[in-house]
Amino acid sequence: MRMEVQGERQGLGKRQVGWAGDPVEALGEEVMGRVMELLDARSVARCTAVSRAWRGVAADDRLWAPMCAELMAGKAHIPRLTLIRTGSKLSTYSMAIMDGKRSRITKEDLCDHAWEYHFTIAAPEYWRNLDPSWKHTGPPMRRYFHPDGYHSADPHDAVWGGHECTYTVITSFVGDGRIREHYVRINRWPPLKVSRKDDWSWELSNHLYRYNSIPDADKKGCTGPLFPVW
């Protein structure tokens with residue numbers, strides 16, 4: 001009798017050890033999935049490296065679909081590469097994060113967006129007086145980049161004056177693929193420094209004027225290069 005009780009206690013002990021060692025096995029995938037819903041994306045991503053069983057739960061599309069939606073809510077531009085059929089919402093989330101941090105602009109980025117154009121305080125007063133956003137007399141001026149390398153403005157733009165404009169994206173590298181210089185140049189005018197904002201919008205700027213990409217709220221589809229550019 002004592003041996004039977006001792007055996008039961010030993011068996012219970014083994015079950016307790018097994019439960020502590022692998023919650024997925026003890027609780028089941030559905031319950032573990034509910035637990036992971038309470039975690040942030042970084043923590044869930046780290047769970048995929050624990051074991052094959054954990055990855056099966058942590059990489060589930062049902063878990064990552066709402067995370068993707070939350071990530072992209074309120075963003076000015078949604079990366080086109082998220083349309084790639086990766087077979088995994090986790091991969092889509094990861095690529096979107098990496099692309100959102102990208103500061104290297106491409107021709108696709110330039111051409112996919114309309115751009116608001118503003119003069120800075122350093123610009124001559126004559127030019128600032130032609131800028132409706134400075135005088136609060138109308139909407140900001142707009143600029144457009146075209147795939148053939150042409151750069152244009154809206155008709156009757158007082159600043160544009162019918163200029164023939166072309167643009168170039170300049171990128172130079174040093175060792176290990178690191179970028180040394182990166183800017184956009186229009187004609188022979190001062191280079192435009194490229195920067196990225198928290199909402200994934202773009203800004204091109206120099207000491208005289210700046211370009212800000214207009215959010216995609218009224219535009220169908222996504223923007224930017226189809227394949228990763230880091």
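Calculation criteria
Residues numbered from 1 in each chain as written. Predicted model: local features only at pLDDT ≥ 70, side-chain atom pairs only at ≥ 80, totals over all residues. Heavy atoms only, no water. Salt bridge = Lys/Arg side-chain N within 4 Å of Asp/Glu carboxyl O. Helix = DSSP H or I, 4+ residues; strand = E, 2+ residues; numbered from the N terminus. Buried < 20%, exposed > 50% of the residue type's maximum accessible area, 1.4 Å probe, protein only. 1 Å grid on protein atoms, 1.4 Å probe; cavity = no way out; pocket = protein on both sides within 12 Å on 5 of 7 lines; lining within 4 Å. Points joined across faces, edges and corners; volume = space filled by probe spheres on them. Nonpolar A, V, L, I, M, F, W, Y, C, P; charged D, E, K, R; others polar. Phe/Tyr/Trp six-rings, centres within 6.5 Å; stacked < 30°, edge-to-face > 60°. Lys NZ or Arg CZ within 6 Å of the ring centre and 35° of its normal. Patch = residues over 30% accessible without salt bridge, like charges linked within 9 Å, V, L, I, M, F, W, Y side chains within 5 Å. Areas by Shrake-Rupley, 256 points an atom, 1.4 Å probe, with all protein chains shown as cover.

An unreviewed UniProt entry lists the protein under the name F-box domain-containing protein, with Urochloa decumbens given as the organism.

> How should I be thinking about the pattern of salt bridges in this particular structure?
Pairing is possible between side chains of opposite charge, provided their charged atoms come close. Enumeration according to the criterion identifies six salt bridges in this entry. The salt bridge partner of R80 is D112, with a shortest N-O separation of 2.9 Å. You can see R80 sitting in the loop between helix 6 (61-72) and helix 7 (89-100) and its partner D112 sitting in helix 8 (residues 107-112), a full 32 residues away along the chain. The partly exposed category is assigned to R80, whose relative accessible area is 23%. For D112, a relative accessible area of 16% corresponds to the buried category.

> What am I meant to see in empty space enclosed by the protein here?
Empty space among the atoms becomes visible once a probe the size of a water molecule is rolled across them. A full pass over the atoms with the stated rule returns one cavity of 30 Å³ or more. Reported here for the largest cavity is a volume of approximately 60 Å³. Around the largest cavity sit 14 residues that line it, and D99, R102, D109, R196 and T223 are the ones nearest its centre. Class assignment for the residues of the lining of the largest cavity results in five nonpolar, four polar and five charged.

> It is not clear to me how the layout of surface pockets should be interpreted in this structure. Could you clarify?
Quantified by volume, the largest pocket comes out at close to 280 Å³. Lining the largest pocket are 14 residues; nearest its centre among them are Y117, F119, V159, W189 and Y209. Contributing elements (two or more residues each) for the lining of the largest pocket: strand 1 (114-119) and strand 8 (209-213). Here the lining of the largest pocket is composed, by residue class, of twelve nonpolar, one polar and one charged.

> Is there a simple way to think about the packing of aromatic side chains in this case?
Each pair of aromatic rings is reported with the distance of its centres and the angle of its planes. Per the counting criterion, the structure on display carries ten aromatic pairs. Taken together, a centroid distance of 6.3 Å and an interplanar angle of 35 degrees make the contact between F119 and W127 tilted. Of the residues examined, F119 reaches a relative accessible area of 7% and is grouped as buried. Judged by relative accessible area, which is 32%, W127 ranks as partly exposed. Seen from their ring centres, Y209 and Y211 are 6.3 Å apart, and the 70 degrees between their planes marks the pair as edge-to-face. Each member of the pair, Y209 as well as Y211, is classed as buried. By way of ring pairs, the aromatic residues W115, Y117, F119, Y126, W127, F145, Y167, Y209 and Y211 are connected into one cluster. If you follow K75 out to its NZ or CZ, it ends over the ring of W200, 5.0 Å from the centre. One Lys or Arg, R143, reaches over the ring of Y117 and ends 4.2 Å from the middle of that ring.

> I'm lost on a nonpolar patch on the surface in this one. Help?
Residues L27, V31 and V35 make up a contiguous nonpolar surface patch of roughly 210 Å² in combined accessible area. Relative to the helices and strands, V35 is located in helix 3 (residues 29-36). V35 sits in the partly exposed class, given a relative accessible area of 39%.

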